[in-house]
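What follows is each chain in one-letter form.
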Amino acid sequence: MYKPQIKVPATYMRGGTSKGTFFNLADIPKDIWENQEIKDKFLLRVVGSPDPYKKQIDGMGGATSSTSKTVIVDKSKRDDHDVDYYFGQVAIDKPFVDWSGNCGNLTGAVGSFAIKSGLVDESKLVENGIVEVRIWQTQIKKTIIAYVPMANGVVKEMGDFILDGVSFPAEEVKVEFVAPVDADEKLFPTGNLVDDLEVPGVGTFKATMITAGIPTIFLNADEIGYKGTELQGDINSDEEALARFETIRAYGAIKMGLITDIKEAETRQHTPKVAFVSKPQTYNSSSGAEVNANRIDLNVRALSMGLLHHAMMGTASVAIGVAASIPGTLVNIAAGGGDRDSVEFGHPSGTLKVGATLKIDGDKIEIEKVAMSRSARIIMDGFVHVPADTFL
């Protein structure tokens, strides 16, 4: 029996240097949302995965880790928050949705979407000014605050804020990740600022493994054969290099206690991230613009879903900001060492500044917040049409 497509209200948005399909949870049929298998199949089909051609031609995805994303937002069940936020990182060529982490870039669009969707109480809204939207990220169980600008009673999207990795200016949205690591969590899962990470068949490397923002494994660029100024084409075209990074990521995940068996890494592609750092060096970004060593503290490159990211993931930026503020980590050392409350780093598309507010008392480290600036814009809204026979 023929099953026609179903249509579900959706909004396609850019947040930071990512894009994704946003849903108001109230618009998703209950029989889809409440069944994990059906929900994953639904979102896979929305984005156009799995696609053996790795193009996502038949869906909303853009065939990169930055554009194969879904966001679901709901009125918060918590009295001290406005909305609950769910994030699904959709694999491109595999039938898999990773719910293990957050997208820091799309977080910059969650507040705007929440206001546009009527999920923020009208009493909080202003005609002109800034609205503080308190977001509960359900997977990582953390509070994020988005400071959303409004003008003439609507979200102000257009402005003159330039975010490297985004072609056009927009209005700045400040985002704070509040207490990204709980008091009873281990900021450094191994208990060390720097470990020797042994990777069979690849080598042994110095590594800083941290859980702030998103679990991240930081390596020194020179130890793995890189300068730290690489662009996507330098790494993503090298299948052997990508395989080595994935092996490093898998063994790092075991060392961090995120998985117990190496095969589990295949079903946990979103976390942990692997990044490599170097001292500041001048290079030309992917747009051709020069990034001068004098304007940055260090260079950082990071991989997401198996490929070098075109800019920097927001959650990894949180990890960078925190690690840079703690003397003795590889990130801090690459940035010149010592005490600091912010860092500006070079990435493939340009630079990004991130600030961290910490309290350090001997071995006790309390992270109060990490702040950065994003921007967001609605690209399209209406309905996404999904073939029903693929998930029902």
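Structure: above.
First things first, this report covers the structure right here in the doc. Since the model is a prediction, treat every value here as computed from it, not as a measurement.

1. A word on the side chain of S349
Here is step 1: Mapped onto the elements, S349 comes out in the loop between β18 (342–347) and β19 (350–361).
Here is step 2: Among the polar contacts listed, one links the side chain of S349 to the backbone oxygen of H310, at a separation of 2.5 Å.
Here is step 3: Non-local contacts of S349, meaning those with residues more than four positions away in its chain, are made with D164, G165, S285, S286, H310 and A311.

2. Notes on the pattern of salt bridges
Here is step 1: Scanning all chains against the criterion turns up 18 salt bridges.
Here is step 2: Note that K41 is salt-bridged to E37, the shortest N-O span being 3.4 Å. Here K41 pairs with E37, and both are found in helix α2 (residues 36–47), just 4 residues apart, close to one helical turn.
Here is step 3: A relative accessible area of 53% means that E37 is categorised as exposed.
Here is step 4: Measuring nitrogen to oxygen at the nearest pair gives 3.0 Å for the salt bridge that ties K142 to E185.

3. Quick notes on the pairing of β19
Here is step 1: Where β18 lies against β19, 6 bridges are found, and the strand directions are antiparallel. Note on β19: the bridge partner recorded for V343 is V354.
Here is step 2: Counting the residues between successive antiparallel strands, the hairpin from β18 to β19 contains 2 residues.
Here is step 3: Note that β19 and strand β20 (residues 364–374) share 7 bridges and pair antiparallel. The residue of β20 that forms the bridge with T357 is K369.

4. Here we look at helix α3 (residues 104–116)
Here is step 1: Along α3, the helix axis deviates most sharply at V110, where the bend reaches about 30°.
Here is step 2: Every buried residue of α3 is accounted for by G104, N105, L106, T107, G108, A109, V110, G111, S112, F113, A114 and I115.

5. A few points about the layout of surface pockets
Here is step 1: In this structure, the largest pocket encloses a volume near 690 Å³.
Here is step 2: Taken together, 22 residues make up the lining of the largest pocket; nearest its centre are D93, K94, Q269, M305 and G306.
Here is step 3: At the level of secondary structure, the elements contributing two or more residues to the lining of the largest pocket comprise β4 (83–90) and α5 (239–255).
Here is step 4: For the lining of the largest pocket, the class distribution of residues is 10 nonpolar, 4 polar and 8 charged.
Here is step 5: Looking at the second largest pocket, its volume works out to about 340 Å³.

6. With respect to the packing of aromatic side chains
Each aromatic ring pair is summarised here by two numbers: the centre-to-centre distance and the angle between the ring planes.
Here is step 1: On inspection of all chains with the given rule, the structure shows 6 aromatic pairs.
Here is step 2: Relative to Y86, the ring of W33 has its centre 5.1 Å away and its plane inclined at 80°; by these criteria the two rings are edge-to-face. Of the two residues, W33 sits in helix α1 (residues 30–33) while Y86 sits in strand β4, which places them 53 residues apart along the sequence.
Here is step 3: With relative accessibility at 17%, the residue Y86 sits in the buried group.
Here is step 4: Seen in terms of ring centroids, Y226 and F276 are 5.3 Å apart; in terms of plane orientation they differ by 20°. Their pairing is stacked.

7. Overview of α5
Here is step 1: Over its 17 residues, α5 runs 24 Å from end to end, which matches the ideal 24 Å to within 8%, given 1.5 Å per residue.
Here is step 2: Those residues of α5 lying buried are A241, L242, F245, I248, R249, A250, G252 and A253.
Here is step 3: Two to three positions downstream of the cap, the backbone nitrogen of E240 sits 3.2 Å from a side-chain oxygen, assigning the N-cap of α5 to D238.
Here is step 4: Taken from the residues just after α5, G257 is the one with a positive phi, measuring 80°.

Cut-offs and rules
Residues numbered from 1 in each chain as written. Predicted model: local features only at pLDDT ≥ 70, side-chain atom pairs only at ≥ 80, totals over all residues. Heavy atoms only, no water. Helix = DSSP H or I, 4+ residues; strand = E, 2+ residues; numbered from the N terminus. Polar contact = N/O pair within 3.5 Å; in protein donor to acceptor, adjacent residues only side chain to side chain. Contact = heavy atoms within 4.5 Å. Salt bridge = Lys/Arg side-chain N within 4 Å of Asp/Glu carboxyl O. Buried < 20%, exposed > 50% of the residue type's maximum accessible area, 1.4 Å probe, protein only. Pairing = 2+ DSSP bridges. Bend = angle between axes of the 7 residues up to and from the residue. 1 Å grid on protein atoms, 1.4 Å probe; cavity = no way out; pocket = protein on both sides within 12 Å on 5 of 7 lines; lining within 4 Å. Points joined across faces, edges and corners; volume = space filled by probe spheres on them. Nonpolar A, V, L, I, M, F, W, Y, C, P; charged D, E, K, R; others polar. Phe/Tyr/Trp six-rings, centres within 6.5 Å; stacked < 30°, edge-to-face > 60°. Expected span 1.5 Å × (residues − 1).

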